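# Examining the three-dimensional arrangement
As a plain string of letters, each chain reads:
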Amino acid sequence: MKLYYSPGACSLASHIILNEINVDFDLERVNTKTHITEKGTDYYTINPKGYVPALEINPGLILTENVAILPFLAQHDPKQDLIPPSGLGRAKVLEWLGYLNSELHDAYAVFFGATLDDEAKQKAYAEIDRLLKYIDDTIAKSDNEYLVDDNFGPADAYLFVITNWSNLIHHDLTPYQNVVALRNKVAARQSVQIAMRDEGLIP
Ligand SMILES: N[C@@H](CCC(=O)N[C@@H](CS)C(=O)NCC(=O)O)C(=O)O
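In this report, we go over the structure that sits alongside the text. Residue numbers restart at each chain and count upward from 1, following the sequence in its written direction. Per-residue local features are limited, in this predicted model, to residues with pLDDT of at least 70; the limit for side-chain atom pairs, both in listing and counting, is 80 or more; totals at the level of whole chains, interfaces and linings are taken over all residues.

A separate point is the site of the ligand. In this analysis, residues qualify as near a molecule or strand once their C-beta atom, positioned from backbone atoms, comes within 6 Å of it. In the neighbourhood of the ligand, the contacting residues comprise Ser6, Ala9, Cys10, Thr32, Gly50, Tyr51, Val52, Pro53, Glu65, Asn66 and Asn101. Under the scheme applied, nonpolar residues are Ala, Val, Leu, Ile, Met, Phe, Trp, Tyr, Cys and Pro; charged residues are Asp, Glu, Lys and Arg; polar residues are all the others, including Gly. Among the residues forming the shell around the ligand, the class breakdown is five nonpolar, five polar and one charged.

Backbone hydrogen bonds are what pair the strands of a sheet, in a parallel or an antiparallel way. At least two bridges found by DSSP between two strands are what make those strands a pair. Going along the chain from the N terminus, every DSSP run of H or I of four or more residues is numbered as a helix, and every run of E of two or more is numbered as a strand. Spatial strand order, E3-E2-E1-E4-E5: five strands in an open sheet with mixed pairing. Edge positions in the sheet fall to strand E3 (36-37) and strand E5 (61-64), since each has one partner strand and no second. Where strand E1 (residues 2-5) meets strand E4 (residues 54-58), three bridges bridge the pair, whose relative direction is antiparallel. When the bridges of E4 are listed, Lys2 appears paired with Glu56. Along the sheet, helix H1 (residues 11-20) makes contact with E1 and E4, crossing E1 at roughly 155°. The contact rule is simple: place each C-beta atom from the backbone, and if two of them lie within 7 Å, those residues are in contact. Lines fitted to C-alpha atoms define the axes here, with helix axes fitted over just the stretch in contact, and angles between the N-to-C directions of these axes take values from 0 to 180 degrees.

Further remarks concern the packing of H1 against helix H2 (residues 66-74). Axis separation between H1 and H2 bottoms out at 9 Å; the angle between their running directions is 5°. For the element pair H1 / H2, the angle class is roughly parallel. The segment H1 lies against H2, with Ala13, Ser14, Ile17 and Leu18 engaging Asn66, Ile69, Leu70, Leu73 and Ala74. Split by residue class, the contact of H1 with H2 holds seven nonpolar, two polar and no charged. An angle below 35 degrees is treated as roughly parallel, one above 145 as roughly antiparallel, one from 65 to 115 as roughly perpendicular, and anything else as oblique.

Written out as structure tokens, the structure is:
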């Protein structure tokens, strides 16, 4: 398998899950501004949508979209605890992935598009805060160690990656102490440390 990624982008979640499962994989960095890969390939020939992540499962067989790639990878876990194989538990993982992808990821992405004036920035921060409050309250009411159950999984990895962007956009996570606590647990995992190191995000 090969993951097309950009350092610190949402593709980091797939990178983390690849490190959690026992498979050999390659990485190819994509410049998301020029859409050229580190090997000089026009990335649109790999993923016509132009964005990362893209997972090459076999030569020429490409899977895109976080909500598809993350469960696909997680189900290769030999321990079988990254994602429930079926039933409500699996649906709960997809529920989180849907929320993170279409709500939280999109809310942060506003900062990575056009330059925002002050009013637009305040509106965008308020939306992130609204979404994070829901997540924080939900964690507070839950007895689970992680978002879905007591096992780390793709939703936790994705939440960790998206909330990393708070640093980039000067957004304060401290009001969300349950999210921060979950982030700390995720950050401590070897899979996360290795992925961040291999993407050049930490020494
Ligand atoms: N719907 C896509 C969105 C992926 C996405 O937003 N990727 C960003 C990085 S986090 C990107 O590659 N942006 C550059 C571009 O769109 O060209 C998914 O969930 O996989």
